[in-house]
Amino acid sequence: MFERHIISEIERYAVKDGPGISGGEAASQGDFLSMLARECRIQHISTCIETCGYAKWNTYEKLLPYIDYFYYDLKMIDKAKHKEATGTTNRLILDNFIKLTAAGANVIVRIPVIPGINNTGKNISDTIAFLLAHSPGCHVSLLPYHRLGTSKYEKLNMHYRLKELVPPSQEEMHRLKEQFVNNGFYVTIGE
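### Focus on the pattern of salt bridges
1) Next: Scanning all chains against the criterion turns up seven salt bridges.
2) Next: Its salt-bridge partner being Asp31, residue Lys62 comes within 2.9 Å of it at the nearest N-O pair. Within this pair, whereas Lys62 is found in helix H3 (residues 57-63), its partner Asp31 is found in helix H2 (residues 30-42), the two being separated by 31 residues in sequence.
3) Next: With a relative accessible area of 38%, Lys62 lands in the partly exposed category.

Next comes the structure, spelled out in structure tokens:
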């Protein structure tokens with residue numbers, strides 16, 4: 001049986017919609033995560049995971065029966081631009097998204113809106129086209145870029161290359177929201 005004290009802590013802090021599993025890339029701890037999610041299911045605790053989709057498909061396949069919602073980050077659709085911005089290709093990320101939605105998973109798409117990087121007209125239209133092809137009408141959460149992580153980088157004496165970026169305005173966020181809404185998506189900002 002899974003460690004009872006872990007489940008006791010989850011039950012103690014679980015909110016109405018259940019615990020969210022996040023931190024770094026939660027799916028990178030696939031075996032532990034699938035055991036935890038399975039035990040939550042046995043205990044009737046609803047679950048969700050925050051993921052960027054950068055894990056082997058078999059990890060998500062193991063999670064499918066036990067995770068109620070996947071909060072799935074999509075940063076960029078163009079493979080070359082994704083690699084330029086993040087240091088890695090997005091092929092695995094996009095492939096996993098397609099497989100999750102095809103398997104009927106409840107996926108909430110989260111798009112961090114980063115000025116000058118992924119808020120371009122081309123990336124937004126490519127993202128809309130990708131979602132229309134693989135998850136039409138899904139819930140899209142637009143997350144405005146913020147500077148909350150800069151102090152962590154400073155404490156670690158690391159260079160934060162986005163330090164000078166200005167968060168997107170409310171007007172821009174509402175304009176982006178309107179583009180997605182006009183294509184049939186349910187859209188929230190900052191959730």
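### Here we look at helix H6 (residues 121-134)
1) Next: When the terminal C-alpha atoms of H6 are compared, their 20 Å separation across 14 residues agrees well with the 20 Å that a helix rising 1.5 Å per residue should span.
2) Next: Residues of H6 that are buried make contact with helix H5 (91-102), strand S4 (107-113), strand S5 (139-144) and helix H8 (170-181).

### Looking at the pairing of S4
1) Next: Within S4, seven of the seven residues are buried, which leaves the element mostly enclosed by the surrounding structure.
2) Next: With four bridges connecting them, strand S3 (residues 69-73) and S4 associate as parallel partners. Bridging from a neighbouring strand, Asp73 pairs with Arg110 of S4.
3) Next: Sheet topology note: the S4/S5 ladder contains six bridges and is parallel. Across the sheet, the residue bridging to Ile108 is His139, located in S5.
4) Next: Handedness of the crossover joining S4 and S5 through H6 is recorded here as right-handed.

Conventions we followed
- Residues numbered from 1 in each chain as written.
- Predicted model: local features only at pLDDT ≥ 70, side-chain atom pairs only at ≥ 80, totals over all residues.
- Heavy atoms only, no water.
- Salt bridge = Lys/Arg side-chain N within 4 Å of Asp/Glu carboxyl O.
- Helix = DSSP H or I, 4+ residues; strand = E, 2+ residues; numbered from the N terminus.
- Buried < 20%, exposed > 50% of the residue type's maximum accessible area, 1.4 Å probe, protein only.
- Expected span 1.5 Å × (residues − 1).
- Contact = heavy atoms within 4.5 Å.
- Pairing = 2+ DSSP bridges.
- Right-handed = clockwise from strand over helix to strand, strands pointing away.

So, to be careful, I would describe these as geometric facts and stop short of saying anything about function.
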